[in-house]
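# Coordinate analysis (summary)
Read off the chains here:
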Amino acid sequence: IKMKSPDNCQTILEIRDEIDAIDQQIISLIGQRSHYVKAAAKFKTSEMSVKAPERFQAMLQQRRIWAEDNGLNLDVIEKMYRDLVNYFISEEIKYLSEK
């Protein structure tokens, strides 16, 4: 899909349509990410290996760097990923308990 640049949008409706298209792509990518999380769960044997606090902190730090590289608020991006990954962790723990 060819998107218009923000500068080429002529109306607020065009801008909203472009934002909706981006959000649809973001949600699709989160769905793809969830498939990898489920695949990773097969290799984990304990709740601690799911939570992996050192990995979690390193992942958050990398996302902060990427946020900074893109001129975004580091705390907002960290919170978004913290919430997302905590959800996936809870799903992995459920999967682990069903093994």
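First things first, this report covers the structure right here in the doc. All of these numbers come straight from a predicted model, not from anything done at the bench. (Residues numbered from 1 in each chain as written. Predicted model: local features only at pLDDT ≥ 70, side-chain atom pairs only at ≥ 80, totals over all residues. Heavy atoms only, no water.)

### Quick look at the pattern of salt bridges
If you walk through the whole model with that rule in mind, you get 8 salt bridges. In this structure, Arg 64 engages Asp 75 in a salt bridge whose closest nitrogen and oxygen atoms are separated by 3.0 Å. Pair noted here: Arg 64 is in helix H3 (residues 53-69) and Asp 75 is in helix H4 (residues 74-98), with a separation of 11 residues, a long-range link. Judged by relative accessible area, which is 53%, Asp 75 ranks as exposed. (Salt bridge = Lys/Arg side-chain N within 4 Å of Asp/Glu carboxyl O. Helix = DSSP H or I, 4+ residues; strand = E, 2+ residues; numbered from the N terminus. Buried < 20%, exposed > 50% of the residue type's maximum accessible area, 1.4 Å probe, protein only.)

### Some remarks on the layout of surface pockets
The calculated volume of the largest pocket comes to roughly 420 Å³. As for the largest pocket, its lining consists of Ile 26, Leu 29, Ile 30, Arg 33, Arg 63, Trp 66, Ala 67, Leu 72, Ile 77, Met 80, Tyr 81 and Leu 84. Mapped onto the lining of the largest pocket, the elements with two or more residues apiece are helix H1 (12-41), H3 and H4. Each residue belonging to the lining of the largest pocket can be placed in one class, and the counts come to 10 nonpolar, no polar and 2 charged. The calculated volume of the second largest pocket comes to roughly 310 Å³. Lining the second largest pocket we find 17 residues, and of these Arg 33, Lys 44, Arg 55, Val 85 and Glu 92 sit closest to its centre. Elements that contribute at least two residues to the lining of the second largest pocket include exactly H1, helix H2 (47-51), H3 and H4. When grouped by side-chain class, the residues that make up the lining of the second largest pocket number 10 nonpolar, 1 polar and 6 charged. (1 Å grid on protein atoms, 1.4 Å probe; cavity = no way out; pocket = protein on both sides within 12 Å on 5 of 7 lines; lining within 4 Å. Points joined across faces, edges and corners; volume = space filled by probe spheres on them. Nonpolar A, V, L, I, M, F, W, Y, C, P; charged D, E, K, R; others polar.)

### Remarks on a nonpolar patch on the surface
Together, Ile 12, Leu 13, Ile 15 and Ile 19 line one region of the surface with nonpolar side chains, adding up to about 360 Å² of accessible area. What makes Ile 19 partly exposed here is its relative accessible area of 43%. (Patch = residues over 30% accessible without salt bridge, like charges linked within 9 Å, V, L, I, M, F, W, Y side chains within 5 Å. Areas by Shrake-Rupley, 256 points an atom, 1.4 Å probe, with all protein chains shown as cover.)

### Comments concerning H4
With 25 residues, H4 extends 36 Å from end C-alpha to end C-alpha; this agrees with the ideal 36 Å at 1.5 Å per step. Looking at the buried positions of H4, the neighbouring elements they touch are H1, H2 and H3. Its side-chain oxygen at 2.9 Å from the backbone nitrogen of Asp 75, Asn 73 defines the N-terminal cap of H4. (Expected span 1.5 Å × (residues − 1). Contact = heavy atoms within 4.5 Å. Polar contact = N/O pair within 3.5 Å; in protein donor to acceptor, adjacent residues only side chain to side chain.)

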